[in-house]
Amino acid sequence: MSATRFRPRAAAVMAGGLLVTGLAACGGDGGGGGETTGSGGGTAAASGEGVDDGTELTMWTRAPLERQAINAVEAYNATHENQVALEILPNDDVEGMVGSAAQTDSLPDILAGDVVRIPYWTEQGIFTDLTDQIGSLENVDDLQEGHIDAGTLDGAMHTLPFVTDISVMVWNKDLYEQAGLDPEAGPTTLDEFVEHAQAVAALDQDGVAGSYLSGQSGGALVFTLLPTIWASGEEVLNDDGTEAMLDGEAAQAVYSAYRELAETPNGLGAGSREETGATWTAPFQEGNIGVMPYPYTAVTGMFEDAAFEVGVAAIPGVDGGGSTFLGGDAIGISRSSENVDQAWNFMAWLMSDDAQQTVFADNNDTAASLTVLADGYADADPRTEVANATVADGRTPVARNFNEAFNAAGSPWQLLIQDAVWGEESAIGSHNDAVNAVLAP
Amino acid sequence: MVTHIPAAAERVATDAVSGADGGRRRRRTRERRDALRGWAFITPTVVLVAVLFLAPIGLVLVMSGSQWSLLGGFQGMNSPDNFRNVLADPLLGDAVSFTLRYTALTTVILMPVAFFLALLVQESRRWNNLLRTAILVPSALGIASASLLFYALYSPQIGPLNPILARLGLMDLNSSILGTPGGALWATVVLIVWRFAGYYMILTMVGLQAIPRELYEAASLDGASRITQLRRITLPLLRPTIAMTLILSIAGSLLAFDQFYILTKGGPNNSTLTVVLLIYRYAFETKRDLGMAAALSVLVLVVLVAVSVLQLRALGVSRKEGDR
């Protein structure tokens, strides 16, 4: 009798307990390697070209940069004894998979990650210290700095640039012509950007809008909006990434520009406010958007495939100038790798001008070597040169908690843009405070 | 061998009641042997419970009192910092209130739907087997698969619902069903009702069929209407079943995760953030802090146990069941 009384309650308790604890426990194995500093990897530092002795290397990267990663790995495997086995992780799962692999010491030899996540990974000791190796690279001064800085902790370097993804201003030349704009002249100031977008919006064509914004994707929003602030000579973060200045003059100008477009009929494409980032590049690709900041990795494919002509320029500041978000992935050797010298062989090869040329420049992708950026695109589309020229003025924001403050779903930065463009403008200050609360050490 | 078990169990039971009397030593060795054998029989269960249930809870309790980051692992005890950080998080209040609203909404909709479906298909009439199967099929689908299916249905690019809703004038053709807080909540509730109605219908059917036919016959003879029979016979005798389905539904909804993780990611703007989704975010997305995730898990566990016990009390299941 008492058994019948007990059972439902016990079942409810157990079901609840198992479900809850199962979730929280799955990231930990109870062992917990307490390594917190950025050293590790038992092998003695090898400089120069590393070792090419036919070792099987494992490598992780994330899905958005799949094409470039495959290009790199195939080119390396074809010319080396070492063979790299590439695994592509879904963008949203990267953090969790790296975390559980770190706890069980089963990280791959080579790990590429979104550059905004790199500072935190480095601080948590995910990477092997490569200061000596990187220092021994002949062309280290010729490499794009943002991705090296992101992995530098207390002077120790851990990462090199892997795939560079930059943001540029693109416009639809066909729509520009219909709107009576000069199809060869993109916006050079923030005001021109608004004017052009409004001119296209005024066409009042079905489904066509002036511009587009990925309102629910913090990652796309930093990628597209921050360059205007930098190009205007203002900062977004302080030097050590512990404080944000998202309520500065240039930032406010950016918000009100988009607010003006949001209030214009057809100013911002339908779904801008709800766009979570999964499909934010589609409307422009389909020829329905006049002008918008855009990832260059998605532009090159349109040169031949799109049904309209694409214009490319630097993302302008409030009164001119230009900048770009140096995004993409940095690459390093994990702390659990037992093949540091072999993995370094891959990285050193990738940094060579030859590899930069064949893997990136020849595919219209952005190279990390400034020499190749300047000379390697003679046969490339002139628009690629325009995009490459922005790299010199480009920036990568570095902050330990950048992911939580900006990129994560529902981040305070995302809420700030929602209010600044569509909601309560007066809330910008308090959202900036919320960003600061996350960034503060 | 097998026949020994009930005999041995009975002997232990009667011995325990009647007390000791004569032949002590022999009985004692026999008792010890019985006890050992008893332990041998329950060992697998004990091991399972310990490994699958007690150990994880123990680990989570330790985690909740430690600084334990996703990438760095265990870094020393820091109790009670994790609990303080969790309770100070402005997102927690929103997540709790949304989870409660969602739980109330699904339960209020799901329970009556399941009950009436069960009444509908209870009798074995001609089409009822087909009907039962049709209603039950969604339950064979995992919540994650069902969520993906609905994600496609709700998609403004490929889903069939947008044009329909747009034609009815309920929404703009190009905006997303999941794009507004209300839309995202209702879209998820529809998914969950579709997925679970059949499951709860079966549970309720089992309860219905356990009610003796004679009661209804006697009531009919006394001239009780169908409504009176429903109120005076079905509902009271179904109480344990209703209590169980209520607890399952409420506990399940309080722990909602998959459907929101796939359909809304807690968006738009954190408006559909559930408590378990917040645990996931602490662990893998924002804080990358397993300690904080564990602390919130412990809080949820405590609340869940309390809610389930209160529910059983309120529905009077424990006493009634015990006395009958």
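Looking at an unreviewed UniProt entry, one finds chain B named Carbohydrate ABC transporter permease, with Georgenia faecalis as its source organism. Checking UniProt for chain B, the heading Sequence similarities (unreviewed entry) contains the comment "Belongs to the binding-protein-dependent transport system permease family." Per UniProt, chain B carries the Subcellular location (unreviewed entry) text "Cell membrane".

An unreviewed UniProt entry lists chain A under the name ABC transporter substrate-binding protein, from Georgenia faecalis. What UniProt records for chain A under Sequence similarities (unreviewed entry) is the sentence "Belongs to the bacterial solute-binding protein 1 family."

Engineer: Break down the overall build of chain B for me, with residues and values.
Structural biologist: Per the secondary structure count, chain B includes 15 helices and 2 strands. Within the span of chain B, comprising 324 residues, buried residues form 43% of the whole. Of all intrachain contacts in chain B linking residues separated by at least 6 positions in sequence, the fraction that spans at least 24 positions is 64%.

Engineer: Break down the environment of B:T286 for me, with residues and values.
Structural biologist: Its location among the elements puts B:T286 in the loop between α13 (275-285) and α14 (290-314). Not counting residues within four places of it along the chain, the set of residues in contact with B:T286 comprises A:E404, A:A408 and B:R281.

Engineer: Let's hear about the UniProt feature "transmembrane region" (unreviewed entry) in chain B: which residues, and what values?
Structural biologist: Residues and elements named next belong to chain B. In the numbering used here, UniProt assigns the "transmembrane region" (unreviewed entry) feature to residues 35-62, 100-121, 133-154, 183-203, 241-262 and 290-310. Taken end to end, residues 35-62 has its terminal C-alpha atoms 34 Å apart, with 100% of it in helix and 0% in strand. Span residues 290-310 is 100% helix and 0% strand, its end C-alpha atoms 30 Å apart.

Engineer: Residues and numbers for helix α19 (residues 428-439) of chain A, please.
Structural biologist: In an α-helix, one turn spans 3.6 residues, which is why side chains three or four residues apart end up on the same side. Residue and element names in this part refer to chain A. A rise of 1.5 Å per residue sets the reference length of α19, with its 12 residues, at 16 Å; its end C-alpha atoms lie 16 Å apart and thus fit the reference within 8%. I428, H431, N432, V435, N436, V438 and L439 are the residues of α19 that are buried. Burial along α19 is one-sided: seen end-on, the buried residues are contained in an arc of 160°. Elements that come into contact with the buried residues of α19 comprise α10 (249-263), α17 (402-407) and α18 (412-422).

Engineer: Describe the confidence of the model for chain A, naming the residues involved and giving the relevant values.
Structural biologist: All names here are of chain A. Per-residue confidence for chain A averages 87 on the pLDDT scale, and 89% of its residues sit at or above 70. The least confident element of chain A, judged by mean pLDDT, is helix α1 (residues 2-25) at 42; the most confident is helix α8 (residues 190-201) at 97. Confidence over residues 1-46 falls short of pLDDT 50; this stretch has 85 contacts with residues more than four positions distant or in other chains.

Engineer: Outline the packing of helix α3 (residues 81-88) of chain B against α14(B), listing residues and values.
Structural biologist: Residue and element names in this part refer to chain B. As a packed pair, α3 and α14 sit with axes 8 Å apart at the nearest point and diverge in direction by 75°. In terms of orientation, α3 lies roughly perpendicular with respect to α14. Here N82, F83, N85, V86 and L87 of α3 lie close against α14, whose contacting residues are G291, M292, A295, L296, V298 and L299. Grouping the amino acids of the contact of α3 with α14 by side-chain chemistry returns 8 nonpolar, 3 polar and no charged.

Engineer: Explain the side chain of A:S336 to me, and be specific about the residues and the numbers.
Structural biologist: Residue and element names in this part refer to chain A. Tracing the backbone shows S336 in the loop between β12 (327-333) and α13 (340-351). For S336, a relative accessible area of 17% gives the class buried. Within the structure, S336 has its side chain in polar contact with the backbone nitrogen of L107 (distance 3.3 Å). Those residues in contact with S336, other than ones at most four positions away along the chain, are D105, S106 and L107.

Engineer: Help me get a handle on the sheet that holds strand β6 (residues 159-165) of chain A, residues and values and all.
Structural biologist: Residues and elements named next belong to chain A. Ordered by their spatial adjacency, 5 strands build an open sheet running β2-β1-β3-β12-β6, and the pairing between neighbours is mixed. Of all strands in the sheet, those with a lone pairing partner are β2 (83-89) and β6, marking the two edges. Across the sheet, the mean angle from the axis of one strand to that of its neighbour is 20°, orientation sign disregarded. Bridge count between strand β1 (residues 56-62) and strand β3 (residues 110-114): 2 bridges; the pairing is parallel.

Engineer: Which residues make up the pattern of salt bridges, and what values go with them?
Structural biologist: In the structure shown here, the tally under the stated rule is 16 salt bridges over all chains. Note that A:R259 and A:E263 form a salt bridge whose closest N and O atoms lie 3.6 Å from each other. Here the residue A:R259 and the residue A:E263 both occupy positions in helix α10, the gap between them amounting to 4 residues, near one helical turn. Residue B:R84 pairs with B:D81 through a salt bridge whose shortest N-O separation is 2.8 Å. With B:R84 and B:D81 both in helix α3 and 3 residues apart, the pair spans about one turn of that helix. If you follow the salt bridges from partner to partner, you end up with A:R62, A:D114 and A:D329 in one network.

Engineer: Before we move on, could you go through the packing of aromatic side chains and cite the residues and values that matter?
Structural biologist: Enumeration according to the criterion identifies 27 aromatic pairs over all chains in this entry. On the basis of an interplanar angle of 85° and a centroid distance of 4.9 Å, the ring pair of A:Y76 and A:F346 is categorised as edge-to-face. Of the two residues, A:Y76 sits in helix α2 (residues 66-79) while A:F346 sits in helix α13, which places them 270 residues apart along the sequence. We note that A:Y76, like A:F346, is buried. Taken together, a centroid distance of 5.4 Å and an interplanar angle of 80° make the contact between B:F98 and B:F260 edge-to-face. Residue B:F98 is located in helix α4 (residues 90-121), and its partner B:F260 is located in helix α12 (residues 258-263); the two are separated by 162 residues in the primary sequence. Stacked on the ring of B:F196, the Lys or Arg B:R195 has its end atom at 4.6 Å from the ring centre. Its guanidinium or amino end placed over the ring of A:Y120, B:R288 lies 3.8 Å from that ring's centre, counting from NZ or CZ.

Engineer: Give me the lowdown on a negative patch on the surface, citing residues and values where you can.
Structural biologist: All names here are of chain A. On the surface, a cluster of negative charge is contributed by D191, E195, E260 and D319. Turning to its location among the elements, D191 is positioned in helix α8. Residue D191 is classed as exposed on the basis of its relative accessible area, which comes to 54%.

Engineer: So, the packing of helix α9 (residues 218-231) of chain A against α18(A): which residues are in play, and what are the values?
Structural biologist: Residues and elements named next belong to chain A. Taken N-terminus to C-terminus, the directions of α9 and α18 make an angle of 65°; their axes are 9 Å apart at the nearest point. Seen from above, α9 lies across α18 with left-handed handedness. The residues of α18 that touch α9, namely those facing G218, L221, V222, L225 and L226, are W413, Q414 and I417. Class assignment for the residues of the contact of α9 with α18 results in 6 nonpolar, 2 polar and no charged.

Engineer: Describe the sheet that holds strand β9 (residues 310-313) of chain A, listing the residues and the values that go with them.
Structural biologist: Residues and elements named next belong to chain A. Read from one edge of the open sheet, 3 strands run β8-β7-β9, paired in antiparallel fashion. Edge positions in the open sheet fall to β8 (291-295) and β9, since each of these has one partner strand only. For this sheet the average axis-to-axis angle between neighbouring strands, irrespective of direction, equals 40°. By the bridge criterion, 4 bridges tie strand β7 (residues 167-172) to β9 in an arrangement that is antiparallel. Bridge assignment links W171 to a residue of β9, and that residue is G311.

Engineer: With reference to specific residues and values, describe the confidence of the model for chain B.
Structural biologist: Residue and element names in this part refer to chain B. Across chain B, the average pLDDT comes to 86, with 90% of residues at 70 or higher. Within chain B, helix α1 (residues 4-18) has the poorest average pLDDT of any element, 47, and α3 the best, 94. Complex prediction metrics read pTM 0.80 and ipTM 0.77.

Engineer: Describe the environment of A:E274, and please don't skip the residues or the numbers.
Structural biologist: Topologically, A:E274 is positioned in the loop between α10 and α11 (282-285). In this structure, the C-alpha to C-alpha distance between A:E274 and A:Q216, residues 58 residues apart in sequence, is 5.8 Å. Contacts of A:E274, omitting those with residues within four sequence positions, involve A:Q216, B:S175, B:S176 and B:G179.

Quick notes on the rules
Residues numbered from 1 in each chain as written. Chains lettered and ligands numbered in written order. Predicted model: local features only at pLDDT ≥ 70, side-chain atom pairs only at ≥ 80, totals over all residues. Heavy atoms only, no water. UniProt positions renumbered as here; feature names shortened; annotations may be inferred. Helix = DSSP H or I, 4+ residues; strand = E, 2+ residues; numbered from the N terminus. Buried < 20%, exposed > 50% of the residue type's maximum accessible area, 1.4 Å probe, protein only. Contact = heavy atoms within 4.5 Å. Expected span 1.5 Å × (residues − 1). Arc of directions from axis to C-beta. pLDDT = per-residue confidence, 0-100. Axes fitted to C-alpha atoms, helices over the stretch in contact; angles between N-to-C directions. Parallel < 35°, antiparallel > 145°, perpendicular 65-115°, else oblique. Nonpolar A, V, L, I, M, F, W, Y, C, P; charged D, E, K, R; others polar. Polar contact = N/O pair within 3.5 Å; in protein donor to acceptor, adjacent residues only side chain to side chain. Pairing = 2+ DSSP bridges. Salt bridge = Lys/Arg side-chain N within 4 Å of Asp/Glu carboxyl O. Phe/Tyr/Trp six-rings, centres within 6.5 Å; stacked < 30°, edge-to-face > 60°. Lys NZ or Arg CZ within 6 Å of the ring centre and 35° of its normal. Patch = residues over 30% accessible without salt bridge, like charges linked within 9 Å, V, L, I, M, F, W, Y side chains within 5 Å. Areas by Shrake-Rupley, 256 points an atom, 1.4 Å probe, with all protein chains shown as cover. Lys, Arg positive; Asp, Glu negative; His and termini not counted. Charge placed at Lys NZ, Arg CZ, Asp CG, Glu CD. Left-handed = near helix turned anticlockwise from the far one by under 90°.

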